[in-house]
Structure formats: C-alpha cells, structure tokens
Amino acid sequence: MEAAGEEPLVRCPVCLRELPGAHINSHLDRCLQAGEGEAEPGSSPLCKRARLATAPLDGRAEGEPEEARPGAALPVFSLFHKGRGGQSPGAAGRRSGAGREEAALKPEDGGSAAASLARKLEGKPLAELLRPDALGDYVGQERVLGAQTLLRSLLESHEIPSLVLWGPPGCGKTTLAHIIANSSKKNGTRFVTLSATSAKTNDVRDVISQAQNEKRLFKRKTILFIDEIHRFNKSQQDTFLPHVECGTVTLIGATTENPSFQVNAALLSRCRVIVLEKLSVEAMEAILMRAVRFLGVQVLGQGNKQSSSATGSGSESSEFPVYIEEKALNTLAYLCDGDARTGLNGLQLAVQARLAAGKTAPLNIASGGSADGILVTEEHVKEGLQRSHILYDRAGEEHYNCISALHKSMRGSDENASLYWLARMLEGGEDPLYVARRLVRFASEDIGLADPLALTQAVAAYQGCHFIGMPECEVILAQCVVYFARAPKSIEVYKAYSNVKECLRTHTGPLPPVPLHLRNAPTRLMKNLGYGKGYKYNPMYKEPVEQDYLPEELKGTDFFKERKT
C-alpha cells in the first residue's frame, strides 16, 4: 500500500499496470504503440485474465499493484497460457508479412513435413497469406513502382494523392492498397476500406462524415479505398466529387474495367489513373518461389540438386517431405497469365490434392542419393488450374480489344494471327454468333466486290453456328476467318457509301426533290401532275439509254472518286 503522502496510482487500461498519475499519459502512448507488436517490458500482458482468476483469492486492497499479487501471473486455467509464452493474446494475429512467413516456416515439434504443410494451408487462401505488407516486398509493376518513379517517391514520403488503380485481376491492385494502409497507420492517417460490390451510398456518406470530423477535430487525414469502384453507378460516384476536391478524403479506387468508360470524367479529373499491367513470367516465378519457401516445400530440378526450404531444414528432420518440380513452377508461371492470385491458389490446390492423396515415391534428390517423399509434378499443377487461364471479359475492354485485333489481322491477310485472335475469343467464352455477325460485316466492308462470294461465306458461317453451336461451330468460324484473310480486299463500296453519307451531312438547305420522271404514278392524279413523264424503260432499248437519275443539283457527281474534304 502506498503511503498517505505519495501520489495515488492509476491503472493502465491496456496492460492493467498501475503507475503514478503523472506518468500514465506517456506510459499509455507507449503501451498503445507497443500493442501493434510486443507488449511493453515490465508490463504483465496476461494480467487481465489473471486478475479475473486470482482477485477473489487474494484478499488484497483494490489499489494494490498487480505485480504484488502472488497468483497474478498464473491464471487458474493453465489452458489460457498454453503455447503463448509471454505474448499478448492478439499478438499472433498482428504479425507483419515477414513475421507471418517466419513463424509459418518454423516446423512444429513432433510433426511430419506433410502434416505441418497441411496446417499452413488451412484457413485463408495462399494468395491472402502471402500478401506483402511493405513496398519493398512488392513484386512486379517496375514501370509504375520501380526505383526513382514518381509514385514510389510519393508513397515513401507518405504523400498519397487520389488514385484510380486500373489493371487486370491478380496484378497487385488490392495488395498495393494494403501496403498503403499499413504505411498510413504508422503515419497516423486513417484508412477505410469499402467494396463497391456490397457498400451502399449511405456507407460512403458515413465514412465521409467521420472523415470531416477527424479533419476538423484532430487534423487527421482519411484515405478511402474503394475496391471494384466500377460497380458504383454514376450518381454514386458523384458522392465523392466535392470531398475529393476539397481534400476531406483521399480516394483510392481499384478497377478491372477501363476508367474512361466506367468512372465519371469529373472524378477522373480529380484522380491520377495508375495503369498496372499483368505480371511478367519472371515476376510470377519470384512470387511462386516465395510461396514455396513459405510452405517449406523443396524444389527438384535445379541443376540436379536439392533446393532446401527457407528454414534450412532438410528431409533428414522430417518424415515424408514434400517436393515440387522446378518445371511445374515454370509451367504454372506461364499458365496463370500474369494473375498472381490464380497462380498461388493453383499451387495451393495442387499441393493440397497431393497431400490428401498421401502417396509417396522414391525420389533422386541428389547425385547418388534418394529418399521417399510426396512429389508435385507439372501434371498436378495443370490439373489444379484445370485449363490455361485466359483473361477475357465478354462485357469489358478485352472483348473489344480482341475483336479489333481479329478484324485488323484479317484485313492485313495474316491468317495465323487471325486464327489466334479467334481462338482467344472462343476459348475465353465469347458468343460465336457475335463473331459470326462481325464476319458478315467484314465481308462487305473490307472484301466487297473483290470477292462477292465472301458475303455468302459469312452468312453460311453464321447459319452454321446458329444450327450447331459450340464447340462444333469453332471450325466453321475458323474456315471463314482463314478464307477472309486470304481473300483479295476492296473497300470501294465502303468508301463510296461513306462519300454519300458525307454528301447528305454537308448539304445546305432542304434536300433536293426526286426528279419527276423517276417518280411512280399509280393514280391518274399523279400522272396528270407529271409523275413518271419522260421515263425511259431501259429493257425496251437495244442501245444504251441516256437518262439522269440524280437530282439536278448533283448531276455529274461521282461518289466512287476520292472526295475533297
């Protein structure tokens, strides 16, 4: 008990340690900061549980320090302390990305390599487990986030502008936002995450209202991350405009769709669009090797030598270790088509399937040596992906990119490229009738009178696709595409019709009337008015007939000649 003249003690609400009142503020600041990692030295991390278990048994005064209680450090139920040591209850869930990886790499005593690996793969997907927390661990996007780039400099200096991250799935948009979130928390900035797939306008307004209060009362910035921002309609996107303009929130949006079409022009003018490309094969190989080290799987095929896991533990210390062929990793890096999420989850599925099968085989892990283990091969990886992962969105930009490439390849008479782009669309799930309709248009626009049978070929292809559907109709479309690529090209009709449309658009005043001799006269009144008078019926004449068919103002016009603009 404290003497009467001493300053009364105040209990810290975080670690429950009792300190003099003059020191509580500084201690509380340190304690809150230490809550993200380890507990402050000298504090009793588990004293909250211990207090509930031992206070009735102690009989001491309420103000007595927890350290003085004999049973304060040991709760009645020892189950609460099992395997925790001196760590706070939530410390294991607050590890950084590197900390999570190191902890997962430590093999548990008494367990086999396969059992330890199975435990690591439980719960979250591998792509989520390996999501980096620091910019230095971010792989790929060197053009945007490489050394000395503007965006990297801004992120490192914590000066984050409003951004729209545009890129294909699995290229690192959400991961980059996750890194910004970790960095902003250390800098005292508030970071809020919403998904446009589930959030409503009221949710956005609530976040903005809180951001206004934070800025007014505490001078604290707010970063708002909207995943799949293209799912918000135009009116919902308008909610951000005044608040992004005045700096109430810093907006970071992630989208797989072209922002030019899916995001308001007014909002785009207030944000910087960052284009993220799909990951290269080299970047995918680096990501997959990091995953292999994280799982403790050993790679076979690197110069006929065994590649040990990052823990340094070899097959000697584990029963039935797990191996993966280097060729399998290389194949996976190619097949995932730059999508890190697909690659990591495909690796996870292949490894889990092999662990579930539980079949071991003798393996040559070094020259002259062999061991039993579980092997993940190239075929297992392909089976995990089921098929080559083709990036194609029937309603998105890739849809228009591929049909444009097909059109231009046929126009350029490149039959190989034409077949490739056709297959990209069909294997990606495109409607074959859409492709057939585009071929009908191509037959007249780009081939025209150079080969009048092209239109017949296109219509027949459309009817064939309509009759039998996919996948049987793919060869019909392939035949038509190759025919068009090899056919002679002529845009004579296309240009002439374009000239006629231009003539109509640029005509001043009322359009000229149809000449009387070209008008039909089904009634006596029309005949009396001069309709059809002087018309020469061409089949009745053996020699060519001289007769005007254009209006008086357009006599002598030749639409097949190049018109001056």
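This one's a predicted model, so the numbers in the text were calculated from it and none came from an experiment.

Let us now look at the overall build of the protein chain. Tallying secondary structure elements over the protein chain gives 24 helices and 12 strands in all. Of all 565 residues assigned to the protein chain, the portion counted as buried reaches 40%. Considering only contacts in the protein chain between residues 6 or more positions apart, those separated by 24 or more positions represent 69%. Of the roughly 32100 Å² of accessible surface on the protein chain, a fraction of 53% belongs to carbon and sulfur atoms.

With that settled, consider helix α23 (residues 492-506). With 15 residues, α23 extends 21 Å between its outermost C-alpha atoms, agreeing within 8% with the 21 Å of an ideal straight helix rising 1.5 Å per residue. Along α23, the residues classified as buried are Ala 496, Asn 499 and Cys 503. Seen along its axis, α23 keeps its buried residues to an arc of 55 degrees; they face one direction. Exposed positions of α23 whose direction lies more than 90 degrees from the buried face are Tyr 497, Leu 504 and Arg 505.

What the rule picks out here adds up to 16 salt bridges. The salt bridge partner of Arg 411 is Asp 446, with a shortest N-O separation of 2.7 Å. Residue Arg 411 is found in helix α18 (residues 397-411), and its partner Asp 446 is found in helix α20 (residues 432-447); the two are separated by 35 residues along the sequence. Take Asp 446: its relative accessible area is 4%, and that puts it in the buried class. Between Arg 486 and Glu 415 there is a salt bridge, with its nearest N and O atoms 3.0 Å apart. Of this pair, Arg 486 sits in helix α22 (residues 474-486) while Glu 415 sits in helix α19 (residues 415-427), and the two are 71 residues apart along the sequence. A relative accessible area of 27% places Glu 415 in the partly exposed class. The network of salt bridges with common partners includes Arg 411, Arg 441, Glu 445 and Asp 446.

Right, let's get into the pairing of strand β3 (residues 163-166). Here β3 shows no split at all, with Leu 163 and Leu 165 on one side and Val 164 and Trp 166 on the other all buried. Relative to strand β6 (residues 250-255), β3 runs parallel, the two sharing 4 bridges. Its bridge partner being in β6, Leu 163 is matched across the sheet by Ile 252. Two elements, β3 and strand β7 (residues 272-275), share 4 bridges in a ladder whose sense is parallel. Pairing of Trp 166 across the sheet is with Val 275, part of β7.

Attention shifts here to the packing of aromatic side chains. Any pair of aromatic rings gets described here by the distance separating the centres and the angle formed by the planes. Counted by the stated rule, this structure contains 4 aromatic pairs. A ring pair is formed by Tyr 420 and Trp 421, whose centres lie 4.9 Å apart and whose planes are at 75 degrees; its orientation type is edge-to-face. The class of Tyr 420 is partly exposed, set by a relative accessible area of 43%. Judged by centre distance (5.7 Å) and plane angle (20 degrees), the rings of Phe 442 and Phe 484 are stacked. Taken together, the residues Phe 442 in helix α20 and Phe 484 in helix α22 connect sequence positions 42 residues apart. In this structure, Phe 442 and Phe 484 share a single accessibility class: buried. Counting every residue linked through ring pairs, the aromatic cluster contains Phe 442, Tyr 483 and Phe 484. Positioned above the aromatic ring of Tyr 531 is the side chain of Arg 519, whose terminal nitrogen or guanidinium carbon lies 5.0 Å from the ring centre.

Looking now at the confidence of the model for the protein chain. Residue-level pLDDT values for the protein chain average 78, and 76% of them are 70 or greater. When the elements of the protein chain are averaged for pLDDT, helix α2 (residues 47-58) gives the smallest value, 41, and α22 the largest, 95. Confidence over residues 36-111 falls short of pLDDT 50; this stretch has 92 contacts with residues more than four positions distant or in other chains. Low pLDDT, under 50, characterises residues 303-318; the stretch is placed with 29 contacts to residues that sit more than four places away or in other chains.

Looking now at the side chain of His 380. The residue His 380 is located in helix α17 (residues 378-385) in this model. Dropping the residues within four chain positions of it, His 380 is found in contact with Ala 350, Arg 354 and Leu 375.

On to the sheet that holds β3, then. The 5 strands are arranged β4-β5-β6-β3-β7 in an open sheet whose pairing can be described as parallel. The open sheet is flanked by β4 (190-195) and β7, the only strands paired with a single partner. Sheet twist, expressed as the average angle between the axes of neighbouring strands with direction ignored, equals 15 degrees. In this structure, strand β5 (residues 222-227) lies alongside β6, joined through 5 bridges in parallel fashion.

Another aspect to go through is the packing of α20 against helix α21 (residues 453-468). Put simply, α20 and α21 touch, their axes get as near as 8 Å, and they point 175 degrees apart. For the element pair α20 / α21, the angle class is roughly antiparallel. The segment α20 lies against α21, with Leu 433, Ala 436, Arg 437, Leu 439, Val 440, Ala 443, Ser 444 and Ile 447 engaging Ala 454, Leu 455, Ala 458, Val 459, Tyr 462, Cys 465 and His 466. Class assignment for the residues of the contact of α20 with α21 results in 12 nonpolar, 2 polar and 1 charged.

The rules behind these values
- Residues numbered from 1 in each chain as written.
- Predicted model: local features only at pLDDT ≥ 70, side-chain atom pairs only at ≥ 80, totals over all residues.
- Heavy atoms only, no water.
- Helix = DSSP H or I, 4+ residues; strand = E, 2+ residues; numbered from the N terminus.
- Buried < 20%, exposed > 50% of the residue type's maximum accessible area, 1.4 Å probe, protein only.
- Contact = heavy atoms within 4.5 Å.
- Areas by Shrake-Rupley, 256 points an atom, 1.4 Å probe, with all protein chains shown as cover.
- Expected span 1.5 Å × (residues − 1).
- Arc of directions from axis to C-beta.
- Salt bridge = Lys/Arg side-chain N within 4 Å of Asp/Glu carboxyl O.
- Pairing = 2+ DSSP bridges.
- Phe/Tyr/Trp six-rings, centres within 6.5 Å; stacked < 30°, edge-to-face > 60°.
- Lys NZ or Arg CZ within 6 Å of the ring centre and 35° of its normal.
- pLDDT = per-residue confidence, 0-100.
- Axes fitted to C-alpha atoms, helices over the stretch in contact; angles between N-to-C directions.
- Parallel < 35°, antiparallel > 145°, perpendicular 65-115°, else oblique.
- Nonpolar A, V, L, I, M, F, W, Y, C, P; charged D, E, K, R; others polar.

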